[in-house]
Amino acid sequence: MAVVELKNVTKIYDNKLKVVSNVNVTINDSEFVVLVGPSGCGKSTTLRMIAGLEEISEGQIFIDNKLINDVSPKNRDIAMVFQNYALYPHMTVYENMAFGLKLRKFSKEEIKRRVLDAAKILDLEEFLGRKPKALSGGQRQRVAVGRAIVRKPKVFLFDEPLSNLDAKLRVQMRTEISKLHQRLKATMIYVTHDQTEAMTMGDKIVVMKDGVVQQVDTPMNLYNNPGNKFVAGFIGSPAMNFIEGMITDLNGLKFESVNKKLIISVGVEQSNMLKGYIQKKIFLGIRPEDIHDFKDESLITNCYEFEVILEIVEPMGNEAYLYFNLDNVQFISRIPARDIPQTGSLRKLKINLKRIHFFDFENEKVIN
């Protein structure tokens with residue numbers, strides 16, 4: 001397969017609007033890399049520059065050490081799967097999958113062999129004679145993937161391929177694409193705004209915001225060690241809770257929220273990194289699953305206990321989301337659904353102090 005390198009890649013529209021800024025990312029051979037971020041963050045534009053569908057304003061893109069800035073899309077040896085499937089409605093599934101190979105003058109025997117191989121991998125054999133209108137959304141997306149597979153490209157590009165599918169089909173197709181990657185051992189670059197897709201599919205995730213790469217890391221490192229407040233809030237569902245406060249040094253270092261409704265003594269390890277923040281504003285972050293029910297015996301030490309009135313309780317089956325106000329900030333806790341409290345009830349909760357994060361108030365970078 002192939003190594004893809006982006007060096008200081010920038011995209012500027014109309015000589016003033018910079019939508020992608022100095023992206024430096026290396027996608028290793030056979031790696032599944034996900035570009036993730038909110039709408040308008042530049043992830044699809046970055047993918048289209050790799051594909052050759054957008055011109056690069058500045059920087060360089062290499063595939064297998066070959067500079068491809070000025071190489072036409074058809075000569076880059078990539079295959080792209082689009083959000084809207086982009087199938088020919090008047091052609092059968094077989095013809096759609098074979099079309100690109102026909103343009104490249106492959107023999108009928110080779111075309112048949114490749115299409116049947118791809119159809120077998122994607123469980124499309126019984127649909128080869130059908131036209132796209134007779135297929136479900138998931139089947140059409142598999143055809144679009146199959147059309148890419150038959151090309152045997154160096155790099156597969158996926159531009160939000162599951163966004164048109166319903167929730168159940170998205171989960172199914174996520175699994176199928178992950179299995180496909182394991183089977184083909186191909187280099188794949190996948191764009192999505194759905195952080196659940198990113199976490200479950202990627203070997204490596206590139207988090208983007210406003211055209212700038214915020215962090216590149218494995219899914220679990222992003223989750224456990226976010227580099228800044230944006231990454232911490234974007235990765236994870238429900239999102240991390242944040243509250244503004246100050247570090248004080250009265251009888252030991254403490255984090256005190258604005259109205260002093262939350263006062264947490266800082267541990268020894270955290271004291272060393274927070275000494276430079278005494279009497280300075282910072283953010284404290286805590287994930288919903290790290291705010292436990294008071295009855296949870298799995299957390300009996302190194303915790304901060306408090307009591308709140310539950311504004312909303314959302315039963316989710318195997319768990320429940322508890323919404324409450326803490327120092328005029330909306331918080332959410334995620335607890336197992338063993339003993340679901342009532343909306344409006346008074347509830348004791350406790351924060352796992354080993355799992356709190358601190359962020360600089362000015363630049364929002366993690367303090368470590």
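Scroll up to find the structure this text is about.
Read on for an overview of the structure.

Reading guide: rules and limits
Residue numbers restart at each chain and count upward from 1, following the sequence in its written direction. The predicted origin of the model limits local features to residues at a pLDDT of at least 70 and limits the giving and counting of side-chain atom pairs to 80 or more, whereas totals for whole chains, interfaces and linings rest on all residues. Water and hydrogen atoms play no part in the side-chain values, which are based on all heavy atoms of the structure. Only runs of H or I of at least four residues qualify as helices and only runs of E of at least two qualify as strands under DSSP, and these elements are numbered from the N terminus. Burial status follows relative accessibility: with a 1.4 Å probe on protein chains alone, a residue under 20% of its type maximum counts as buried, one over 50% as exposed, and anything between as partly exposed. Strands pair, by our definition, only if DSSP identifies at least two bridges between them. Angular values range over 0 to 180 degrees, each being the angle between N-to-C directions of two axes fitted as lines to C-alpha atoms, with helices fitted over their stretch in contact. What makes two residues a contact is simply this: any of their non-hydrogen atoms within 4.5 Å. Here the expected length of a helix is defined as 1.5 Å per residue gap, with one fewer gap than residues. Here, the arc refers to the directions that run from the helix axis to the C-beta atoms. In protein, a polar contact means a hydrogen-donor-capable atom and an acceptor-capable atom, both N or O and within 3.5 Å, with residues adjacent in sequence counting only if both atoms are side-chain atoms; elsewhere, any N or O pair within 3.5 Å suffices. Points on a 1 Å grid, built from protein atoms alone, make a cavity when a 1.4 Å probe fits but cannot get out and make a pocket when they are open with protein on both sides within 12 Å along at least 5 of 7 lines; residues with an atom within 4 Å of a point are the lining residues. Grid points are joined across faces, edges and corners, and a volume is the space filled by probe spheres set on the points. Take the buried residues of types Ala, Val, Leu, Ile, Met, Phe, Trp, Tyr and Cys, join any two whose side-chain atoms come within 4.5 Å, and each joined set is a nonpolar core. For this analysis, a ring pair means two rings from Phe, Tyr or Trp (six-membered ring only for Trp) whose centres lie within 6.5 Å, classed as stacked if their planes differ by under 30 degrees, edge-to-face if by over 60, and tilted for the remaining angles. The rule is short: NZ of Lys or CZ of Arg within 6 Å of the ring centre and within 35 degrees of the ring normal puts a charge over the ring.

**Brief notes about unusual backbone geometry**
The omega angle of the peptide bond from Ser237 to Pro238 is -5°, so this bond is cis rather than trans. Within the secondary structure, Pro238 is located in the loop between helix H8 (229-234) and strand E11 (241-249). The residue Ser30 is not glycine, and still its phi comes out positive at about 70°. For Ser30, the position within the fold is in the loop between strand E2 (17-27) and strand E3 (32-36). Here Ser30 falls in the partly exposed class, since its relative accessible area comes to 26%. Even without glycine at this site, Glu160 takes up a positive phi of about 45°.

**Comments concerning the sheet that holds strand E8 (residues 187-192)**
Within the open sheet, the six strands sit side by side as E6-E7-E8-E3-E9-E10. Their pairing is mixed. Each edge of the sheet is formed by a strand with only one pairing partner; in this case those strands are strand E6 (78-81) and strand E10 (212-217). With direction set aside, neighbouring strand axes in the sheet form an average angle of 15°. Running at roughly 160° to E8, helix H5 (residues 167-184) makes contact with E3, strand E7 (155-159) and E8 of the sheet.

**Quick word on H5**
Residues separated by three or four positions in an α-helix point in the same direction, a consequence of the helix having 3.6 residues per turn. The terminal C-alpha atoms of H5 lie 26 Å apart, and with 18 residues this matches the ideal 26 Å at 1.5 Å per residue to within 8%. Among all positions of H5, only Met173, Arg174, Ile177, Ser178, Leu180 and His181 are buried. In an axial view of H5, the angular spread of the buried residues amounts to 155°, which keeps them on one side of the axis. Pointing more than 90 degrees away from the buried face of H5 are the exposed residues Lys168, Lys179, Gln182 and Arg183. Looking at the buried positions of H5, the neighbouring elements they touch are E3, helix H3 (108-121), helix H4 (137-149), E7, E8 and helix H6 (195-201). The residue sitting at the N-terminus of H5 and contributing the capping side-chain oxygen is Asp166; that oxygen lies 3.2 Å from the backbone nitrogen of Lys168. Within two residues after H5, Lys185 carries a phi angle of roughly 55°, on the positive side.

**Here's the deal with empty space enclosed by the protein**
Scanning the model with the defined rule gives one cavity of 30 Å³ or more in all. Taken as a whole, the largest cavity spans an internal volume of roughly 40 Å³. Looking at the largest cavity, the residues that line it are Leu6, Val23, Val25, Ile27, Leu35, Thr46, Ile50, Ile189 and Val206. Of all elements in the fold, only E2 and helix H1 (43-51) reach the threshold of two or more residues within the lining of the largest cavity. Counting residues per element, the lining of the largest cavity draws most heavily on E2, which supplies three residues.

**Describing the nonpolar core**
The biggest cluster of nonpolar side chains holds 46 residues, and the ones touching the most others in it are Met97, Phe158, Ile177, Tyr190 and Val207. In terms of residue count, the dominant contributor to this core is H4 (five residues). Listed in part, the 30 residues of the second largest apolar core include Phe255, Phe306, Val313 and Leu322.

**Description of the packing of aromatic side chains**
The way to describe two aromatic rings as a pair is by their centre distance and the angle between their planes. On inspection of all chains with the given rule, the structure shows eleven aromatic pairs. The interplanar angle of 20° and the centroid separation of 6.5 Å between the aromatic rings of Phe156 and Phe158 together place this pair among those described as stacked. Judged by relative accessible area, Phe156 falls into the buried class, the value being 3%. What makes Phe158 buried here is its relative accessible area of 0%. Taking 5.9 Å as the distance between ring centres and 50° as the angle between the ring planes, the aromatic pair formed by Phe306 and Phe324 counts as tilted. Within this pair, whereas Phe306 is found in strand E16 (residues 303-315), its partner Phe324 is found in strand E17 (residues 319-326), the two being separated by 18 residues in sequence. Here the aromatic residues Phe32, Phe156, Phe158 and Tyr190 are joined through ring pairs into a cluster of three or more. Geometry around Tyr223 places Arg287 over its ring, the cationic atom sitting 4.0 Å from the centre.

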